[in-house]
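Below, each chain spelled out in residue letters.
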Amino acid sequence: GLYAAEPIEREEFVTEYLGEYVRSTLADARQRNYDRAGWDDYIFRVDQDTFVDATKKGGLARFANHSCDGNCYSRIIKVVRE
């Protein structure tokens, strides 16, 4: 988990998890490859078949570990780029 240096208001945006969207089969294959290479993986489950792989292409949020007593939640925000 993380500790904040200042108060965070209820429903305030904390950080963005950046990475590459991949399907579950590719996420599984990548995880096996990362394990074989001795790398930590930073793969976040979005839904049953969609994951965000931030292992090679990701922001600082990938280093935030889960907490057993967490008080934040994830929200998927889709951005359309033109």
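Residues numbered from 1 in each chain as written. Predicted model: local features only at pLDDT ≥ 70, side-chain atom pairs only at ≥ 80, totals over all residues. Heavy atoms only, no water.

Caption draft 1: Expanded view of the confidence of the model for the chain. When pLDDT is averaged along the chain, the result is 90, and 99% of the positions lie at 70 or above. The secondary-structure element of the chain with the lowest mean pLDDT is strand β2 (residues 43-45), recorded at 92, while helix α1 (residues 24-37) shows the highest, at 97. (pLDDT = per-residue confidence, 0-100. Helix = DSSP H or I, 4+ residues; strand = E, 2+ residues; numbered from the N terminus.)

Caption draft 2: Seen up close, the pattern of salt bridges. For the structure on display, the rule yields 3 salt bridges. When the shortest N-O distance is used, the salt bridge between Arg30 and Glu20 registers 3.1 Å. Pair noted here: Arg30 is in helix α1 and Glu20 is in strand β1 (residues 20-23), with a separation of 10 residues, a long-range link. Asp49 is the salt-bridge partner of Arg23, the closest N and O atoms lying 3.2 Å from each other. You can see Arg23 sitting in strand β1 and its partner Asp49 sitting in the loop between β2 and β3 (50-53), a full 26 residues away along the chain. (Salt bridge = Lys/Arg side-chain N within 4 Å of Asp/Glu carboxyl O.)

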